[in-house]
Amino acid sequence: MTDAQPKTDKDLFQFLDGLGIAHSTKEHEPVFTVAESVSLRDEIPGGHTKNLFVKDKKDNYFLMTVEENAAVDLKTVHTVIGASSRVSFGKPEKLMEYLGVIPGAVTAFGVFNDTAARVKIIVDAGLMAYDTINCHPLRNDATTSIGSKDLLRFIEATGHEPLVLKVTA
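Residues numbered from 1 in each chain as written. Predicted model: local features only at pLDDT ≥ 70, side-chain atom pairs only at ≥ 80, totals over all residues. Heavy atoms only, no water.

Trainee: I tried to follow the environment of Gly104 on my own but got confused; where do I start?
Mentor: The residue Gly104 is located in the loop between helix H4 (92-99) and strand E5 (119-124) in this model. Between the alpha carbons of Gly104 and Ser84 there is a distance of 26 Å; along the sequence they are 20 residues apart. Excluding anything up to four places from it in sequence, Gly104 contacts Val31, Phe32, His136 and Asn140. (Helix = DSSP H or I, 4+ residues; strand = E, 2+ residues; numbered from the N terminus. Contact = heavy atoms within 4.5 Å.)

See below:
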């Protein structure tokens, strides 16, 4: 990694604006888990996400973005996402190095910081049923709402191929 600082939410919003992608952000208390964020549901409509940053034994990294209540079987998901082996959670240091976020702030928007495209991003097919998807804007004290198709456009604009796969049970 270079010594460059991770991009900020303001950089993200400017990038989205440059792509002509509509987005709105609501500030709130920091949340670190899906359980802590449940209180926001009435205030922020749409599909809410949980994000799993995982790696296989060959150090290939994956970011899976799924609906917050969905279950992902970590013993078998490698067969769906193209991993070389079963996956385990990536270390916080790699999370910061590759996606520029801390645990509790993992987000599909993190690929914005992955300029070398070292992380493969998978968006669960079930999440794409929502017109609006809600993600942390690179920090966990706000939630940014974006259209589901616009999320895929954003991912492509970062140089990543968004893989829409059924990774949940």
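There is more to say after this.
Trainee: What should I look at first to understand the packing of aromatic side chains in this one?
Mentor: Any pair of aromatic rings gets described here by the distance separating the centres and the angle formed by the planes. For the structure shown, the criterion picks out six aromatic pairs. Ring geometry for Phe15 and Phe154: centres 5.9 Å apart, planes at 80 degrees, overall edge-to-face. With Phe15 in helix H1 (residues 9-18) and Phe154 in helix H5 (residues 148-157), this residue pair connects regions lying 139 residues apart in the sequence. Judged by relative accessible area, Phe15 falls into the partly exposed class, the value being 25%. Relative accessible area serves as the criterion here: at 0%, Phe154 is assigned to the buried category. Following the ring pairs from residue to residue traces out a cluster consisting of Phe15, Phe109, Phe112 and Phe154. Seen from the ring of Phe112, Lys7 lies directly overhead, with NZ or CZ sitting 4.7 Å from the centre. (Phe/Tyr/Trp six-rings, centres within 6.5 Å; stacked < 30°, edge-to-face > 60°. Buried < 20%, exposed > 50% of the residue type's maximum accessible area, 1.4 Å probe, protein only. Lys NZ or Arg CZ within 6 Å of the ring centre and 35° of its normal.)

Trainee: How should I be thinking about the nonpolar core in this particular structure?
Mentor: One broad rule of soluble globular proteins: the nonpolar side chains tend to lie buried together. Among the nonpolar cores identified, the biggest contains 30 residues, and Leu12, Leu99, Phe109, Leu151 and Phe154 are the most heavily contacted of them. Contributions of two or more residues to this core are made by H1, strand E3 (61-67), H4, E5, strand E6 (132-135) and H5. Tallying contributions element by element places H5 first for this core, with four residues. In this structure, Leu151 is in contact with Ala108, Phe109, Ile133 and Ile146, ignoring residues within four places of it in sequence. Membership of the second largest hydrophobic core comes to 14 residues, among which are Val54, Ala83, Ile122 and Val167. (Core = buried A, V, L, I, M, F, W, Y, C linked by side-chain atoms within 4.5 Å.)

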